[in-house]
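Here are the chains, one letter per residue:
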Number of protein chains: 2
Amino acid sequence: MAHHRSDVLAHAVALLDAHGLAALTMRRLGAELGVQPSAIYHHFPSKQALLAAVADEILARGARPRTAAAWPDRLREVCSELRHAMLGCTDGADVVATVWAFGLGAAAPVVELEKVLTDADVPAELVPVASRALVHYVFGHAFEEQTARQAVSLGAVDRSLESLPDFDLGLDLVVDGLRARLAGS
Amino acid sequence: MAHHRSDVLAHAVALLDAHGLAALTMRRLGAELGVQPSAIYHHFPSKQALLAAVADEILARGARPRTAAAWPDRLREVCSELRHAMLGCTDGADVVATVWAFGLGAAAPVVELEKVLTDADVPAELVPVASRALVHYVFGHAFEEQTARQAVSLGAVDRSLESLPDFDLGLDLVVDGLRARLAGS
DNA sequence: ACCTGAACACCGTTCAAGT
DNA sequence: ACCTGAACACCGTTCAAGT
């Protein structure tokens, strides 16, 4: 039977979540779909394009309602959603951060952060810097957490995970820095 | 003629810098050394172990003298050195961040940041959070900058690089957040 | 100590051809 | 529109054997 782009994408996300990025292979994905590897190229021009769609799907699945009113809380809401969306899928942080850095997708969180900052009357020249500083922190934190957990479970390293720093506290450091800058202007 | 571990490592770094992570292959590295791929396993137990050594070497080559006295400047000095060390080698940010997250190496910058923070009488429970927030920012920023540059030069995407945010300004956001927290205690 | 040679179990991508 | 089958040019890793 014939598949659609959405079928291929759904199976790709399922494969990623079940067995990690190393297992998300055009050949394994083909096998999962009962199809030759080359058939996937009818739906996606390259593996990179497939991964970009996977990254967007991971973010879409992590969407949550917005409730906060004050801008610091709105920033925390967006960052927290981004973090949980990535942690919700095996190797999610790696995939999303890479796709975003390549400029191929996963841009929604940054766009939303920029909107929140603009709404908060943050000076225009500070908006891109601040929004990027926030996502750099979120990506870095989630990537470390996810990778360290895998390293331990693979037995590659005997690292204590208790000392993994608190996400919210570090985030507040950036938010507070921004707040201090606003108060001073 | 026989090679030493240091020869293999030097050729690995040269290969990475010249052609990127995708080209740093056990087979290509063997060819570069005039040796069978399997010979490399005499010097490194796995490619992961080789990459860990490469990451440490990238950091070692980027070492600079320390001159700052005040703790905010000392933090900036360490972060700036880390950033330039990674940007100084093709795919350096990717390699260093991944090795560090796996807990296999590249730990020196975090250790040094923790020392600076401790010297500055930052509360002990804040030291690991703050040092990690700083490296998460530096890794995220450098990875984006390096990856975006590659994407553009590969023609994979037509993204303006002018809007790449200023590194120091974003870093000051985190430092200021830390400063605000100290003043409040 | 350092390396060869061969094998095993894989990759992404292309492309003519089929339905 | 969606897929097959075969090919091309690769991967990391293991292991017995050589010097």
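Treat the numbers as computed from the prediction; the structure is a model and nothing was measured.

1. Comments concerning unusual backbone geometry
Negative phi values dominate among residues other than glycine, just as trans dominates among peptide bonds.
Next, step 1: Despite not being glycine, Asp91 of chain A has its phi angle at roughly 60°, a positive value.
Next, step 2: Even without glycine at this site, Asp121 of chain B takes up a positive phi of about 60°.
Next, step 3: In this structure Asp121 of chain B comes out as exposed when scored by relative accessible area, which is 66%.

2. Details of the UniProt feature "domain: HTH tetR-type" (unreviewed entry) in chain A
Next, step 1: Within this numbering scheme, the UniProt entry marks residues 2-62 of chain A as carrying the feature "domain: HTH tetR-type" (unreviewed entry).
Next, step 2: The span residues 2-62 of chain A is 62% helix and 0% strand, and its two end C-alpha atoms sit 29 Å from each other.

3. Points about the interface of chain B and chain A
Many descriptions give the size of an interface as the accessible area lost when the pieces come together.
Next, step 1: Opposite the 37 residues of chain B that make contact, chain A presents 37 residues.
Next, step 2: The interface formed by chain B and chain A holds four salt bridges in total.
Next, step 3: Here Glu144 of chain A and Arg132 of chain B are joined by a salt bridge, their closest N and O atoms 2.9 Å apart.
Next, step 4: Between chain B and chain A we count eight residue pairs in polar contact (both at pLDDT 80 or more) in total.
Next, step 5: At the level of elements, α5 (92-102), α7 (127-153) and α8 (167-183) of chain B are the ones that each hand at least two residues to the side of chain B that touches chain A.
Next, step 6: Residue contributions to the side of chain B that touches chain A peak at 14 residues, all from α7 of chain B.
Next, step 7: Residue composition of the side of chain B that touches chain A, by class: 22 nonpolar, eight polar and seven charged.

4. Looking at the relation of the copies chain B and chain A
Each copy of the chain is related to the other by a rotation around an axis and a translation along that axis.
Next, step 1: Mapping chain B onto chain A is achieved by rotating through 180° and translating by 0.0 Å along the same axis, at an RMSD of 0.0 Å. Those values place the two copies in the arrangement expected of a two-fold rotation axis. Measuring from the rotation axis to each C-alpha of chain B, the shortest distance belongs to Gly177 of chain B, at 1.8 Å.
Next, step 2: Interface overlap between copies: 97% of the residues of chain B at the interface are likewise at the interface in chain A, consistent with a symmetric, same-surface contact.

5. Regarding the protein's contact with DNA strand C
Next, step 1: Surrounding DNA strand C, one finds 19 residues, the nearest of these being Arg27 and Tyr41 of chain A together with Gln36, Ser38 and His42 of chain B.
Next, step 2: Restricting attention to atoms of DNA strand C within 4 Å of the protein, one finds that 57% of them are sugar or phosphate atoms.
Next, step 3: A distance of 3.0 Å separates a phosphate oxygen of DNA strand C from a polar atom in the backbone of Met26 of chain A.
Next, step 4: Within the contact set of DNA strand C, a base oxygen lies 2.7 Å away from a side-chain nitrogen or oxygen of Ser38 of chain B.
Next, step 5: If one sorts the elements of the surface near DNA strand C by residue count, helix α2 (residues 26-33) of chain A sits on top with three residues.
Next, step 6: By residue class, the composition of the surface near DNA strand C is six nonpolar, 10 polar and three charged.

6. Description of the environment of Ala22 of chain A
Residue and element names in this part refer to chain A.
Next, step 1: Looking at the element boundaries, Ala22 is found in the loop between α1 (5-19) and α2.
Next, step 2: According to the relative accessible area criterion, Ala22 is exposed, its value standing at 76%.
Next, step 3: A sequence separation of 135 residues divides Ala22 from Val157, and the C-alpha atoms of the two residues are 19 Å apart.

About the cut-offs
Residues numbered from 1 in each chain as written. Chains lettered and ligands numbered in written order. Predicted model: local features only at pLDDT ≥ 70, side-chain atom pairs only at ≥ 80, totals over all residues. Heavy atoms only, no water. Buried < 20%, exposed > 50% of the residue type's maximum accessible area, 1.4 Å probe, protein only. UniProt positions renumbered as here; feature names shortened; annotations may be inferred. Helix = DSSP H or I, 4+ residues; strand = E, 2+ residues; numbered from the N terminus. Contact = heavy atoms within 4.5 Å. Salt bridge = Lys/Arg side-chain N within 4 Å of Asp/Glu carboxyl O. Polar contact = N/O pair within 3.5 Å; in protein donor to acceptor, adjacent residues only side chain to side chain. Nonpolar A, V, L, I, M, F, W, Y, C, P; charged D, E, K, R; others polar. Least-squares fit on C-alpha atoms with pLDDT ≥ 70 in both. Near = heavy atom within 4 Å.

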